[in-house]
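Chain and residue survey
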Amino acid sequence: MLSAHRPRSSLARSTLTQMGVRIAVITALATLLSYLHIFDVFLEDALANLERDAARRSQQEQALFSQAEGDHAVLRQALQERMRIWQSLDPNPRFDSLVMTLPDGTLRNRLEEFDGTRMPCIFIPSGVKIDADFRRRLLAAYDVVERHGAVLHVRHTNTYVTLPEAAIVIYWPEYPRWCQELKPEAMNPDFEFFTVSTPERNPQRRMVWTGITEEPISISLTTPVDLGGRHVAALGLDLLIEDLRNRTLGDSPPGAYNLIFSDAGELIVHPGIKMKTGAFAYNILREDRPLETIFEQPLSAEQRIHLRAIFERVQGRTPGQKVLELAEYDEYLAVAWLNGPEWHLVTVLPRSTVSSVAFGAARYLLVFGLVSLLMELIIMSWVLKRQISQPLQAFTQATDQVTAGDFQISFEHSRNDELGRLAQGFELMAHEIQRREAALRQVNEGLESRIEARTQELQEKNLELETTLTQLEETQELLVEKERLASLGALMAGIAHEIKNPLNFVNNFAQLSMGLVEELREEMTQPRPGQEAASRERMNELLDWLTQNVGKIEEHGKRADSILRNMQMHSHVRANAQEPTDLNALLEEQLGLSAQNARLLYPDLEILFRKDLDPSSQTVDLVPQDFGRALLNILGNSVYAVAEKRKRVGEGFAPEVTVSSRSEGAWVTVIIRDNGIGIPRQLRDKVFSPFFTTKPAGVGTGLGLSIAQDIVVRQHRGEIRIDSEEGQYTQSIIVLPRSTAKR
């Protein structure tokens, strides 16, 4: 029969299920929106970093080319000067001591004292007219290369001077026998290597970066040298492509890669492509050679199409555009221009790199949200079980008792809500039914005797008196409970008042953000022809406002969180045991911490921290952590007071904070004094009230002195009072018993 009144399903379970499903849906939607927002933020940041990185890399490489051109300018002047000097000198002895004629007709270094790792090598092809002018020019070239070659070798692969007759003087320590092993037919005056510096090919007489050469693969800088209006020589140096490749591939943003190609379509550097030794650069636009003769592993058709798409996108960009989108490959390109060789340095960032980072952050938010949901459901389950399920189960059992004729029921009377009032009414109803049933039974059985009736009446009176007494006791307990709830209500009112301001700010900035989002959506969905730049600028401005609003929401949300955490600290039940503590050492420690905090908060303010500690204070029974927190709160107020006075008075004010201790028999007194702004007389009675503060909004929560009073008075059975004169000083006086064992 008892089971007939029990519900088949749990009210708490169904409520939790409905709430859990709704919160889970909201969490999933919030995670999706967070992912989209995080992706946009990460993408914007990644593109900015991509542009900066490409600019940085181009500056580094451009510096090498510019440095090479600067070195050539110095060398050209030095060579011209050296040729002028040799015009008045006899070149024959020096020339004959450096070179000798070989059987093939060429002239090369004498081998007796030649060391190619330290000295320039000389090659003169056969058939050249070796007159005095040629000898002087060759010796001038040898002197310049000998003097500057080793110095410039730290920056360049080699340094050389060529003469129009196809002669060369070169310093190349990595190839010390290059001139001795050079084939006679390898040097011809008609080769581009020599003609590129002639007046016919270079009438502007400017420095020229040649195309890529082989063995080893490099790019060369050639500078014509004229003397008296006549082309007499050309300066040259090589930069190895392999060094450029290593620098370019080894310095790219995470998830991205670098490549270099010329304005004519020659592929210089690519991370996934390695050219064969001796092969010239691959041309992205037109390449007639078999690919297996160019690359160690031939390019696939997809790779060639991808490279061509990158090249065409870079070539088709508008002037000044540095970051491009390659939509068909979901990639972003950062482009930088290298003057001199006229190359494009391109950094490629796949969109998937940004999305994977954003997905990881969103996944963390989802997991955190689900864990929070699970914890919230567990807490709600516990609350519903205690506050609803258990009282309802008690009502069900009481109903079964009354149905069975047992009217002796009782409920817990500590609740003052609807269920508590229902329990009181149910008890009164059961007692009334019992009384009326007893009266009806007495009428049916008759009056046996007046004595028995009188006795029964007295018993009923006694029962009523006991009931009344019980009700009085219950009423007294209710009054005590109401008083406690009234105190709790005052505290909650303070919390509500303090939290209201940051929540209002959060709501206001949220509403402003919604308006900005709607305006941004209108800008995006209703483009204005011919005003794309203005529309983009407007959207960027709206995004900046949204960023500021989100920052304000975060700031005031943290403010509300700080208030709640301080309130938790204020209401926390302290179970730490007191222990004998060196009071003076604790005071010195907290004074040092306050001094550090003051230097962090007010770096431009010099505060004099004094201490006057009584050595006879010895040890005091304390909870060091809690009492130290109370001292930090008071010292923090003192630092704020002197800082505020410095703002008002100016540089002539010398801020001071003094901590002293005094032993007075069974008691110890601690005094913290500052010469700050003081406390007005009409506010001194309120300083220990929770949430009361004289600081401006956002600076203090008003719980510091309330927590300190709770620690000193309730936990340590001491006293705390404030003595202050407005504009002059404030001192906090704490009196503690040495031991609380007998108190």
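Everything discussed here concerns the structure shown above.
Just so it is clear, the structure is predicted and the values come from calculations on it, not from any experiment.

Regarding the packing of helix α12 (residues 583–601) against helix α13 (residues 624–649)
One can describe the packing of α12 onto α13 by two numbers: an axis separation of 9 Å at closest approach and a directional angle of 45°. Taken together, the axis directions place α12 and α13 in an arrangement best described as oblique. You can see that α12 and α13 cross each other, and the crossing is right-handed. Residues Leu583, Leu586, Leu587, Gln590, Leu591, Leu593, Ser594 and Ala598 of α12 pack against Pro624, Phe627, Gly628, Leu631, Leu632, Leu635 and Val639 of α13. The residue makeup of the contact of α12 with α13, split by class, is 12 nonpolar, three polar and no charged.

Focus on the nonpolar core
Counting 43 residues, the largest nonpolar core has Leu79, Ile122, Ile124 and Ala233 as its most contacted members. When residues of this core are traced back to their parent elements, those giving at least two are α1 (11–86), α2 (92–98), β3 (121–124), α3 (132–152), β4 (158–162), β5 (168–171), β7 (218–227) and β8 (230–240). Looking at which element gives the most residues to this core, the answer is α3, with nine residues. Once you skip the residues sitting within four places of it in the chain, Ala233 turns out to touch Leu79, Met83, Val161, Thr162, Leu163, Pro164, Thr223, Pro224 and Val225. By size, the runner-up hydrophobic cluster in this structure holds 38 residues, among which are Leu583, Leu605, Leu622 and Leu703.

Some thoughts on helix α7 (residues 301–315)
Here α7 spans 21 Å end to end across 15 residues, near enough to the 21 Å set by a 1.5 Å rise per residue. Of the positions making up α7, those classed as buried are His306, Leu307, Ala309, Ile310, Phe311 and Val314.

Quick look at the packing of aromatic side chains
In the structure shown here, the tally under the stated rule is five aromatic pairs. Centroid distance Phe65 to Trp343: 5.9 Å. Interplanar angle 90°. Geometry classified as edge-to-face. With Phe65 in helix α1 and Trp343 in strand β14 (residues 343–350), the pair connects residues that are 278 residues apart, well separated along the chain. Neither residue differs from the other here; Phe65 and Trp343 are each classed as buried. Centre to centre, the rings of Phe261 and Phe311 are 5.3 Å apart; their planes meet at 65°, and the pair counts as edge-to-face. Of this pair, Phe261 sits in strand β9 (residues 257–262) while Phe311 sits in helix α7; the two residues are 50 residues apart in sequence, bridging distant segments of the chain. Owing to a relative accessible area of 3%, Phe311 belongs among the buried residues under this scheme. Ring-pair connections join several aromatic residues into one group, and the members of that group are Phe65, Trp209 and Trp343. When the ring centre of Tyr729 is taken as reference, the NZ or CZ atom of Arg673 above it lies at 4.1 Å.

Concerning the sheet that holds β9
Taken together, the six strands give an open sheet; going across it, the order is β11-β10-β9-β14-β13-β12, and neighbouring strands pair in antiparallel fashion. Of all strands in the sheet, those bounded by a partner on one side alone are β11 (282–283) and β12 (323–326). Relative to β14, strand β13 (residues 331–338) runs antiparallel, the two being bridged by eight bridges. Residue Val335 lies in a different strand from β14, and its bridge partner there is Val346. Packed on one face of the sheet, helix α6 (residues 241–250) meets β9, β10 (266–269) and β14 and runs near 70° to β10.

Parameters and conventions
Residues numbered from 1 in each chain as written. Predicted model: local features only at pLDDT ≥ 70, side-chain atom pairs only at ≥ 80, totals over all residues. Heavy atoms only, no water. Axes fitted to C-alpha atoms, helices over the stretch in contact; angles between N-to-C directions. Helix = DSSP H or I, 4+ residues; strand = E, 2+ residues; numbered from the N terminus. Parallel < 35°, antiparallel > 145°, perpendicular 65-115°, else oblique. Left-handed = near helix turned anticlockwise from the far one by under 90°. Contact = heavy atoms within 4.5 Å. Nonpolar A, V, L, I, M, F, W, Y, C, P; charged D, E, K, R; others polar. Core = buried A, V, L, I, M, F, W, Y, C linked by side-chain atoms within 4.5 Å. Buried < 20%, exposed > 50% of the residue type's maximum accessible area, 1.4 Å probe, protein only. Expected span 1.5 Å × (residues − 1). Phe/Tyr/Trp six-rings, centres within 6.5 Å; stacked < 30°, edge-to-face > 60°. Lys NZ or Arg CZ within 6 Å of the ring centre and 35° of its normal. Pairing = 2+ DSSP bridges.

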